Amino acid sequence: LGNHSSSLTKPFCRMLGFLKQPVVVTAEINMNLVALTVMGLVNRFWALSYPRAVVFDEVYYGQFVSLYMKRIFFVDDSGPPFGHMLLAFGGRYSMNVPIWSLRLLPALSGALCVPLAYQILVELHFSHCAAFGAALLILFENSLITQSRLMLLESVLIFFILLAILSYLKFYNLQKCSPFTAGWWFWLLLTGVACSCAVGVKYMGLFTYMLLLATAGVHFWHLIGDQTLSNVSVFCHLLARGLTLVVVPVAMYLSFFYVHLTLLYRSGPHDQIMTSAFQASLEGGLARITQGQPLEVAYGSQITLRNVLGKPVPCWLHSHKNTYPIRYENGRGSSHQQQVTCYPFKDVNNWWIVKDPGMQQLVVSNPPRPVRHGHIVQLVHGITTRYLNTHDVAAPLSPHSQEISCYIDYNISMPAQNLWRVEIVNRESDTDVWKTILSEVRFVHVNTSAVLKLSGASLPEWGYRQLEIIGEKLSKGYHQSMLWNVEEHRYGKSQEQKEREVELHSPTQADISKNLSFMARFTELQWKILTLKNEDTEHKYSSSPLDWITMDTNIAYWFHPISGAQIHLIGNILTWASANVATLVYVCLFLWYLLRRRRKICDIPEDAWRLWVSAGGLCVGGWAVNYFPFFMMEKTLFLYHYLPALTFQILLIPVVLQHLTDHLCRSQLPKNMFSALIVAWFSSIYLVYRTFSPLTYGEPILSAAELRALRWKDSWDILIRKH
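Residues numbered from 1 in each chain as written. Predicted model: local features only at pLDDT ≥ 70, side-chain atom pairs only at ≥ 80, totals over all residues. Heavy atoms only, no water.

Named according to an unreviewed UniProt entry, the chain is Protein O-mannosyl-transferase 1 originating from Chelonoidis abingdonii. Looking at the chain in UniProt, the text filed under Subcellular location (unreviewed entry) is "Endoplasmic reticulum membrane". Check the Pathway (unreviewed entry) section of the UniProt entry for the chain; it says "Protein modification; protein glycosylation." (UniProt positions renumbered as here; feature names shortened; annotations may be inferred.)

Next comes the structure, spelled out in C-alpha cells:
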C-alpha cells in the first residue's frame, strides 16, 4: 500500500513543483503619468457640483438628456448624437440625478487630456521634460478647465482628438520595428475608433480625422517606396489601413445613429421637421394616426397632402370658403376664386378627395382602383366640394406664377381647368402605384403644365397669414417645394356631403412604419442635421475667429445675482500669447531651414530636421485645420470653438522650446540662461492661472475692485454687480 501511495504522490509533487519558486509579477509605472493624472483629476473635479445651477449651454444639453430618459425623438443641428448619448449615460438611473454625475464625463475627459498630452510628446521623441511641460500647460489652461467642468462637449471632443493622435503615433512607431503584431493592430484600430468618436461628438472632429488620414496617406506613400517590402506586403498594409481608418469609423458612425434611433422611438416636439414617413416610424404622434391606413391611394380616397420641403414651416394643402380679394393692395386683380393655401396645422379643411374625371362618384369602388404614375385626377376639397383649379391669373404674391384656387362658377368666360397629372418622383417604374406617406408626387396642371408649388411667402391678413400656393411653369428639376406626400388617408364611403363631412371629422385609422429602413431614416436625419439652421440671431457673446487668436473676447457663463460670483470662459492669456509666438517661430524657422537646405546647407542634423517637420506638421497642421475652416462658416461662433485648435498650439510650445535649447543654444551658458527663463515663464503661467481661477471655478467670491483688476483687456466683459 505504501509503495502504491508513493507512486501516486510523485506526479502530484512534480505538478506542484513550480510552487518551490515564488510567482513574481513586475510592472513598470511611469510616475510622471501617475502624477499628471492625479493632478488632472484634482484640477478638473474640485467642487464639481458648484454651482448648483444650469450654466450657459447646459440648459440645452440638459433638455437632450431628459429626452433620452423619456425616449422622445429630437434633432440637434449642432452635430451627431454620440456626444449627447454619452452625457445621457450620466443620468440614466434617475430623473433627479445629482449635477456632478452629469458633469462627470466632461470633467474626466478634461482630466485625461493632461496625461495624453505628455504621452503624445514622448511618442514624438521629445524629452520627458518637454512632455511634462506640455501636460502642465494643458493642466493650467483656464479655458480648458472651465469647459471641462460643465456639461458641455468640447472637452470630450478634445479627449478623443488627442487619443486619436496618440494612437496613431504609437502605431507609427511600432510600424518601424514590429508591423502586424497585436500591439500594431490595437493602436491602428484605436486610431479609427477614436476618430469616429471625435466626429460622433461634434463635426469639428472631422478636421483632425482628415489630418490623420492625410498623414497616414503620406506615410503609406513612403512605404510604397520601400524596396524591402513585397507587393503582397504593401497590399496588406493598404488593406489594414483602409479597414481600420475608413471602414471601422464609417461603421461606428452609423452605429451611433442606429443606437440613437433605437433609443428615441417616441414622437416628440421635433417630429414636424421630418417627413411623414419618418414621423410614422415613431411611436405616438403621426404613427398613432396612420396606423391601419390604406397603403395605396385609389379613386375616391380621402387624403391630406403635406409639402415635402417643410420650410419655412411644415404645412398641408388647405382651402376654406374665403375668396381672393377682387383687387390686391398693388392694384392687380384676382380671379376672386376660393383661396388655396398651405396651412401649418392639422385641420379638417386639409382634406381632399381624389376623383376620377370620368366618373361622378366620390367614394372608393370595390375593389379599389389605385392611382398610378401618369394618371389624370381631380382634387376635390372635402368640406366645400370645390375642385382644385388654376388658370392664367397671376398669384397674389408671386406675379410671375399662376394663382391656385378652388373653382367657383360665376357664369363668366372663365371655365374650370381642374385636371392634374400625378407624377411620382421617387417611383421605381412608370407603373408605380401612388402610396400613402412613401410616394413623393408632384401635380402637373394638364392645361397649362404648371406645377403645384409652395412659394413659402405668407399671405396678408385676408389670407390669415397662411402660406401661398402657386402654379409654376413646368421645370426639369424636382425642387422639394413642388413635392407632396399623402400623410393621412382613408377610403371614402359616403357619397352624401353631410355624411362625408362627418367622415372627414372622424379620426383615420398597412403599418407604414415597417416600410422605412434604418438607412432611409439615417439619411433623412443626417440631412436634416446638416441643413437645419436656427434663426440667425446675434448672440451677446458670439465672436469672430479673428477675436480668438488674441483672446479679445470671453463668455460670461454664470453669474450669481446676490454674491456676484461668476464663471467665465477666459483663457490663460500668457499661454495663448506663448502659443502664438511658438507658431510664428516655428513657421519662420521652418521656412529658413527649408531655404537653406535648398542651398545644400544643413543647419541641424537630418534626424532633428525630420523630427522638426513631423512634430510641426502635426501641431501646426492640427491648429490650422481646426481654426481656418471657421472663416468659411455662416453660423454663430463662440470662443469655445477655438479650443481644439488651441490644444494643438499648446503642444507646439515645448516642441519649439526644446528645439531652441538643443540647436540654437550651442554652449552651456546660453542653455542655462534659457532654462532659467523657461522656469520663470512657467512660474508666470501658474501665477496667471491662479489669478484667474476665481473666474474659472466660480469661487472665491471677488470684490468689485478685484473684478476690475482682472479686466486685462477692454474687450473683456467682466460682470460687476451694482450696489
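Participant: Whenever I open this one, the environment of Ala 582 confuses me. Can you help?
Facilitator: Mapped onto the elements, Ala 582 comes out in helix α17 (residues 573-598). Those residues within four positions of Ala 582 in sequence are excluded, and the remaining contacts are Leu 652, Ile 653 and Val 656. (Helix = DSSP H or I, 4+ residues; strand = E, 2+ residues; numbered from the N terminus. Contact = heavy atoms within 4.5 Å.)

Participant: Is there a simple way to think about the pattern of salt bridges in this case?
Facilitator: For the coordinates displayed, the defined rule picks out 18 salt bridges. As a salt-bridge pair, Lys 202 and Glu 154 come within 3.5 Å of each other at their nearest N and O atoms. You can see Lys 202 sitting in the loop between α9 (182-201) and α10 (205-224) and its partner Glu 154 sitting in helix α8 (residues 154-175), a full 48 residues away along the chain. On the accessibility criterion, Glu 154 (3% relative accessible area) is buried. One salt bridge in this structure joins Glu 488 and Lys 346, with 3.5 Å as the shortest N-O distance. Here Glu 488, found in strand β12 (residues 484-491), pairs with Lys 346, found in the loop between β3 (338-343) and β4 (351-355); they are 142 residues apart in sequence, far enough to count as distant. Residue Glu 488 is classed as buried on the basis of its relative accessible area, which comes to 11%. Each member of the salt-bridge network shares a partner with another, and the members are Arg 306, Lys 346, Glu 487 and Glu 488. (Salt bridge = Lys/Arg side-chain N within 4 Å of Asp/Glu carboxyl O. Buried < 20%, exposed > 50% of the residue type's maximum accessible area, 1.4 Å probe, protein only.)

Participant: What is the right way to read empty space enclosed by the protein from this model?
Facilitator: Rolled over the atoms, a probe with the dimensions of a water molecule shows which regions are left empty. Counted as a void, the largest cavity has a volume near 70 Å³. If you trace the largest cavity, you find it lined by Arg 44, Gly 110, Cys 113, Ile 138, Leu 144, Gln 147, Ser 148, Ser 155, Ile 158, Leu 162, Leu 643 and Thr 647. When contributions to the lining of the largest cavity are tallied by element, the ones reaching two or more residues are α5 (99-123), α7 (142-148), α8 and α19 (643-664). For the lining of the largest cavity, the class distribution of residues is 6 nonpolar, 5 polar and 1 charged. (1 Å grid on protein atoms, 1.4 Å probe; cavity = no way out; pocket = protein on both sides within 12 Å on 5 of 7 lines; lining within 4 Å. Points joined across faces, edges and corners; volume = space filled by probe spheres on them. Nonpolar A, V, L, I, M, F, W, Y, C, P; charged D, E, K, R; others polar.)

Participant: How should I be thinking about the packing of aromatic side chains in this particular structure?
Facilitator: The relation between two aromatic rings is expressed through the spacing of the ring centres and the mutual angle of the planes. Under the criterion given, the structure shown has 50 aromatic pairs. Here Trp 46 and Tyr 697 contribute two aromatic rings whose centre-to-centre distance is 5.5 Å and whose plane-to-plane angle is 85 degrees, an arrangement assigned as edge-to-face. Given the relative accessible area of 46%, Trp 46 is considered partly exposed. The rings of Phe 207, Trp 548, Trp 576, Trp 623, Tyr 627, Phe 628, Phe 630, Phe 631 and Tyr 642 are connected pair by pair, giving a single aromatic cluster. Note that Arg 490 overlies the ring of Trp 351, its terminal NZ or CZ placed 4.5 Å from the centroid. (Phe/Tyr/Trp six-rings, centres within 6.5 Å; stacked < 30°, edge-to-face > 60°. Lys NZ or Arg CZ within 6 Å of the ring centre and 35° of its normal.)

Participant: Whenever I open this one, the layout of surface pockets confuses me. Can you help?
Facilitator: In this structure, the second largest pocket encloses a volume near 700 Å³. In terms of lining residues, the second largest pocket is bounded by 23 residues, among which Tyr 172, His 219, Arg 610, Val 613 and Ser 614 are the most central. Tallied by class, the residues present in the lining of the second largest pocket amount to 12 nonpolar, 7 polar and 4 charged.

Participant: When you look at the packing of helix α11 (residues 231-263) against helix α15 (residues 518-531) in this model, what are you seeing that I'm missing?
Facilitator: Helix-helix packing: each pair is described by the crossing angle between the helix axes and the interaxial distance. For the pair α11 and α15, interaxial distance at closest approach is 10 Å and the crossing angle is 100 degrees. Put simply, α11 runs roughly perpendicular to α15. When α11 is examined against α15, the residues Tyr 253, Leu 254, Phe 257, Tyr 258, His 260 and Leu 261 are found in contact with a partner set consisting of Phe 518, Met 519, Arg 521, Phe 522, Leu 525, Gln 526 and Ile 529. The residue makeup of the contact of α11 with α15, split by class, is 10 nonpolar, 2 polar and 1 charged. (Axes fitted to C-alpha atoms, helices over the stretch in contact; angles between N-to-C directions. Parallel < 35°, antiparallel > 145°, perpendicular 65-115°, else oblique.)

Participant: Help me understand unusual backbone geometry, please; the structure alone is not making it clear to me.
Facilitator: Outside of glycine, negative phi angles account for most residues, and trans bonds account for most peptide bonds. For the bond running from Tyr 50 to Pro 51, omega is 0 degrees, close enough to zero to count as cis. Residue Pro 367 is reached from Asn 366 by a cis peptide bond, and omega for that bond is 5 degrees. Looking at the element boundaries, Pro 367 is found in the loop between β4 and β5 (376-381). Residues other than glycine seldom take positive phi values, yet Phe 56 does so here, at roughly 50 degrees. Position of Phe 56 relative to the elements: it lies in the loop between α2 (31-45) and α3 (58-70). Positioned with a positive phi, Thr 385 is a non-glycine residue whose angle comes to about 60 degrees. Within the secondary structure, Thr 385 sits in the loop between β5 and β6 (388-394).

Participant: Looking at this model, I keep getting lost on helix α20 (residues 668-697). Mind explaining?
Facilitator: Given 3.6 residues per helical turn, the α-helix brings residues three or four places apart onto the same face. The first and last C-alpha atoms of α20 sit 42 Å apart over 30 residues, in line with the 44 Å expected at 1.5 Å per residue. Bending of α20 peaks at approximately 45 degrees at the position of Thr 691, with proline Pro 694 no more than four residues after it. For α20, the full list of buried residues reads Phe 674, Ile 678, Trp 681, Ile 685, Val 688, Tyr 689, Phe 692, Ser 693, Pro 694, Leu 695, Thr 696 and Tyr 697. Directly beyond the C-terminal end of α20, a positive phi value near 85 degrees is found at Gly 698. (Expected span 1.5 Å × (residues − 1). Bend = angle between axes of the 7 residues up to and from the residue.)

Participant: Looking at this model, I keep getting lost on the UniProt feature "domain: MIR" (unreviewed entry) in the chain. Mind explaining?
Facilitator: Within the UniProt annotation, "domain: MIR" (unreviewed entry) is assigned to residues 294-357, 368-425 and 429-489. Across residues 368-425 one finds 0% helix and 40% strand; the C-alpha atoms that close the span lie 23 Å apart.

Participant: How do you make sense of the nonpolar core when you look at a structure like this?
Facilitator: Core analysis: the largest hydrophobic core is formed by 148 residues, its most contacted members being Phe 73, Ile 120, Phe 160, Ile 555 and Tyr 557. The leading source of residues in this core is α8, at 14 residues. For Tyr 557, the contacting residues outside a window of four places in its chain are Val 55, Phe 56, Thr 146, Gln 147, Leu 150, Leu 152, Ile 567, His 568, Leu 569 and Tyr 640. (Core = buried A, V, L, I, M, F, W, Y, C linked by side-chain atoms within 4.5 Å.)

Participant: Please explain the state of the cysteines as it appears in this structure.
Facilitator: Linking two cysteines covalently through their sulfur atoms gives a disulfide. In the structure shown here, the tally under the stated rule is 1 disulfide. Covalent S-S linkage joins Cys 315 and Cys 342, the inter-sulfur distance amounting to 2.2 Å. With the S-S dihedral at roughly 90 degrees, the linkage between Cys 315 and Cys 342 falls on the right-handed side. One end of the pair, Cys 315, is in the loop between β1 (301-307) and β2 (316-323); the other, Cys 342, is in strand β3, with 27 residues separating them in the sequence. In this structure, Cys 315 and Cys 342 share a single accessibility class: buried. (Disulfide = S-S within 2.5 Å.)

Participant: Help me understand α9 in this model?
Facilitator: Between the first and last C-alpha of α9 there are 28 Å, a value that for 20 residues agrees with the 28 Å anticipated at 1.5 Å per step. Taken together, the buried positions of α9 are occupied by Trp 184, Leu 188, Thr 191, Gly 192, Ala 194, Cys 195, Ser 196, Cys 197, Ala 198, Val 199, Gly 200 and Val 201. Summarising the contacts, the buried residues of α9 are in contact with α4 (82-89), α8, α10 and α11.

Participant: Looking at this structure, I do not really get the environment of Arg 711. What am I missing?
Facilitator: You can see Arg 711 is positioned in the segment after α21 (704-709). Given the relative accessible area of 44%, Arg 711 is considered partly exposed. In contact with Arg 711, not counting residues within four places along its chain, are Trp 716 and Ile 718. Of the polar contacts made by the side chain of Arg 711, one reaches the backbone oxygen of Trp 716; its length is 3.0 Å. (Polar contact = N/O pair within 3.5 Å; in protein donor to acceptor, adjacent residues only side chain to side chain.)

Participant: Looking at this structure, how should I read a nonpolar patch on the surface?
Facilitator: A surface patch of nonpolar side chains, amounting to about 490 Å² of accessible area, comprises Phe 180, Trp 185, Leu 243, Val 246, Val 247 and Val 250. In terms of residues, the nonpolar patch owes the most to one element, α11, which gives 4 residues. Given a relative accessible area of 33%, Trp 185 falls into the partly exposed group. (Patch = residues over 30% accessible without salt bridge, like charges linked within 9 Å, V, L, I, M, F, W, Y side chains within 5 Å. Areas by Shrake-Rupley, 256 points an atom, 1.4 Å probe, with all protein chains shown as cover.)

Participant: Looking at this structure, how should I read the confidence of the model for the chain?
Facilitator: Low pLDDT marks regions whose predicted coordinates should not be analysed in detail. For the chain, per-residue confidence averages 88 on the pLDDT scale, and residues scoring 70 or more make up 92% of the total. A low-confidence stretch, residues 1-5 stays under pLDDT 50, and its non-local contacts, those more than four residues away or across chains, total 0 contacts. In the model, residues 509-514 has pLDDT below 50 throughout and makes 16 contacts with residues more than four positions away in sequence or in other chains. (pLDDT = per-residue confidence, 0-100.)

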